[in-house]
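The primary structure of each chain is shown beneath.
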Amino acid sequence: MNLKELAEVNLSRVKIDVKLNEFLFGLAFYPWLIAWLFTSTFYKDLIHPYGIIRIWEYVGLLFLLLKFITGKSRVKSLIIIPIVLLIGFIVSHDNGNASFVAYTLTLVYSSRDIHFRNLVRNIMICQIAVVGLVVGSSIVGIIPNELTLTYSGGAIRSRYGLGFSYTSFTPNYFLSILLEYVYLKGEKYWTIKELLVCVLLNIVIYKYTDTRLTFIMVFALLLITFLRKIVSININFKFLNYIFILIYPIMASITYWLTVKFDSRNSLLSLINNFSSQRLRFGQEGLRLYPPRLFGTHIQWDTSIDSYFYVDSSYINMLISYGIVIFVLTVISYSIIMKKVIISQDKTLLIVLLFWSLRACIDPQLFLLWFNPFLFLIARTFSDERKGIGDDITYMCVK
């Protein structure tokens, strides 16, 4: 066999390996993802997504085990995988709020040889399909479009669920989809048509759901996207790079400090609390009732109007629900990711991750794969630092 024939055989084998790995990972992940997307909708009474999730986590583990057996594994993987599984199992055991943590960690580590852009694109497609179906079904009356009246800031707010069990789900999914679209666009300029469509959707969603903070974040993201046409972004300032690398620990620390120090008698903290829809007050109550433990605590959240209790900040929520270990690992991993992003000079991904660091202060989706596909980047923290954070990390990118 000559050199050319040998190269063709090896290339053919790589292509087969790529398809097999992605196929097995897809079987383990996408049904689970779609089921989670339906858990916050009124379709949950028809299709029972939690039952699907419980079954699929066992089925998916078999697919991931098969992927591990048929793939290329290093000695480091044989050490890390049991540790990841053990931590995940301890956190998830007898903790209803963190039941998905073990499977999430397994998926994230298993994704280290999967094409990241494809993951983001496929998750975005699933989000658009489910959100579009749910909102459309609520408008035509197939599922309820509940109207919630809340009193805030001396005014009554009328908020529609649009087929979801709570009014903030539609705008939060919209922000997630927009962040994913920004990443997939990369350095390409946005057209005026794209910007106008996003602006109009943001206004319409706000009109129905009255979710102020997400509305502001979407406009801020669109403004930065527009300004990139005019102003070039320079990330070569050393001090600024340190800030970017440590942005997740910084934002987590600021959020924790504001939450602990909150006092309704302090005019500034009271203003921040009112502007953030009582997030500081509920976060402080959460820390008081459920002091952080190593592996988290089962918390009985209450989203009813009369006795509402939920901690929206991802940082505080993770700290008390999933525990100190998961919180620290997540924040440190994001710092490593940010360092790799700066090394690779990926300005678009930098903007997206900066927005997620800010969003995590006010919303609880940082560790939820059905909202945040960028959590998969944690798997890249195990790769060679010199290779950056791009999709060229592994042979999976071979076409």
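Everything that follows concerns the structure shown earlier in this document.
Basis of the calculations
- Residues numbered from 1 in each chain as written.
- Predicted model: local features only at pLDDT ≥ 70, side-chain atom pairs only at ≥ 80, totals over all residues.
- Heavy atoms only, no water.
- Helix = DSSP H or I, 4+ residues; strand = E, 2+ residues; numbered from the N terminus.
- Buried < 20%, exposed > 50% of the residue type's maximum accessible area, 1.4 Å probe, protein only.
- Contact = heavy atoms within 4.5 Å.
- Axes fitted to C-alpha atoms, helices over the stretch in contact; angles between N-to-C directions.
- Parallel < 35°, antiparallel > 145°, perpendicular 65-115°, else oblique.
- Nonpolar A, V, L, I, M, F, W, Y, C, P; charged D, E, K, R; others polar.
- Polar contact = N/O pair within 3.5 Å; in protein donor to acceptor, adjacent residues only side chain to side chain.
- Left-handed = near helix turned anticlockwise from the far one by under 90°.
- Patch = residues over 30% accessible without salt bridge, like charges linked within 9 Å, V, L, I, M, F, W, Y side chains within 5 Å.
- Areas by Shrake-Rupley, 256 points an atom, 1.4 Å probe, with all protein chains shown as cover.
- Salt bridge = Lys/Arg side-chain N within 4 Å of Asp/Glu carboxyl O.

## A look at the overall build of the chain
When its secondary structure is counted, the chain shows 16 helices and two strands. When burial is assessed residue by residue, the chain has 50% of its 399 residues classed as buried. Restricting to contacts in the chain with at least 6 residues of sequence separation, those with at least 24 account for 73%.

## Some points on helix α14 (residues 314-321)
For α14, the tally of buried residues reaches eight of eight residues, placing the bulk of the element in the interior. Within α14, burial applies to Ser314, Tyr315, Ile316, Asn317, Met318, Leu319, Ile320 and Ser321. Buried residues in α14 make contact with α11 (247-261), α13 (279-289), α15 (324-344) and α16 (347-362).

## Comments concerning the packing of helix α8 (residues 192-209) against helix α9 (residues 212-227)
Look at α8 against α9: their axes get within 10 Å of each other, and the N-to-C directions meet at 170°. The angle between α8 and α9 places the two elements in the roughly antiparallel class. Two secondary-structure elements touch here, α8 through Leu195, Cys198, Val199, Asn202, Ile203 and Tyr206 and α9 through Arg212, Phe215, Val218, Phe219, Leu222 and Phe226. Split into classes, the residues belonging to the contact of α8 with α9 amount to 10 nonpolar, one polar and one charged.

## Observations concerning the side chain of Ser138
Relative to the assigned elements, Ser138 resides in helix α6 (residues 116-140). Of the residues examined, Ser138 reaches a relative accessible area of 5% and is grouped as buried. Of note is the side chain of Ser138, whose polar atom sits 2.7 Å from the backbone oxygen of Val135.

## Re unusual backbone geometry
With phi around 50°, His48 is a residue other than glycine that occupies positive phi space. Position of His48 relative to the elements: it lies in the loop between α2 (44-47) and α3 (49-70). Residues other than glycine seldom take positive phi values, yet Leu162 does so here, at roughly 55°. Relative to the helices and strands, Leu162 resides in the loop between β2 (155-160) and α7 (169-185).

## Here's the deal with the packing of α7 against α16
Axis separation between α7 and α16 bottoms out at 8 Å; the angle between their running directions is 160°. With respect to their mutual orientation, α7 and α16 come out roughly antiparallel. In this structure, α7 crosses over α16, and the sense of that crossing is left-handed. Counted together, Asn172, Leu175, Ser176, Leu179, Val182 and Tyr183 of α7 and Thr348, Leu349, Val352, Phe355, Trp356 and Arg359 of α16 form the full contact between these two elements. Class assignment of the residues belonging to the contact of α7 with α16 gives a composition of eight nonpolar, three polar and one charged.

## Section: a nonpolar patch on the surface
Judged by side-chain polarity, Ile192, Leu196, Leu223, Phe226, Leu227 and Ile230 come together as a nonpolar surface patch covering roughly 560 Å² of accessible area. Those elements that place two or more of their residues in the nonpolar patch are α8 and α9. Considering each element in turn, the nonpolar patch owes the most residues, three residues, to α9. Tracing the backbone shows Leu196 in helix α8.

## Concerning the environment of Thr225
Here Thr225 is to be found in helix α9. Apart from the residues within four sequence positions on either side, Thr225 is in contact with Val182 and Trp190. In terms of polar contacts, Thr225 uses its side chain to reach the backbone carbonyl oxygen of Leu221, at 2.8 Å.

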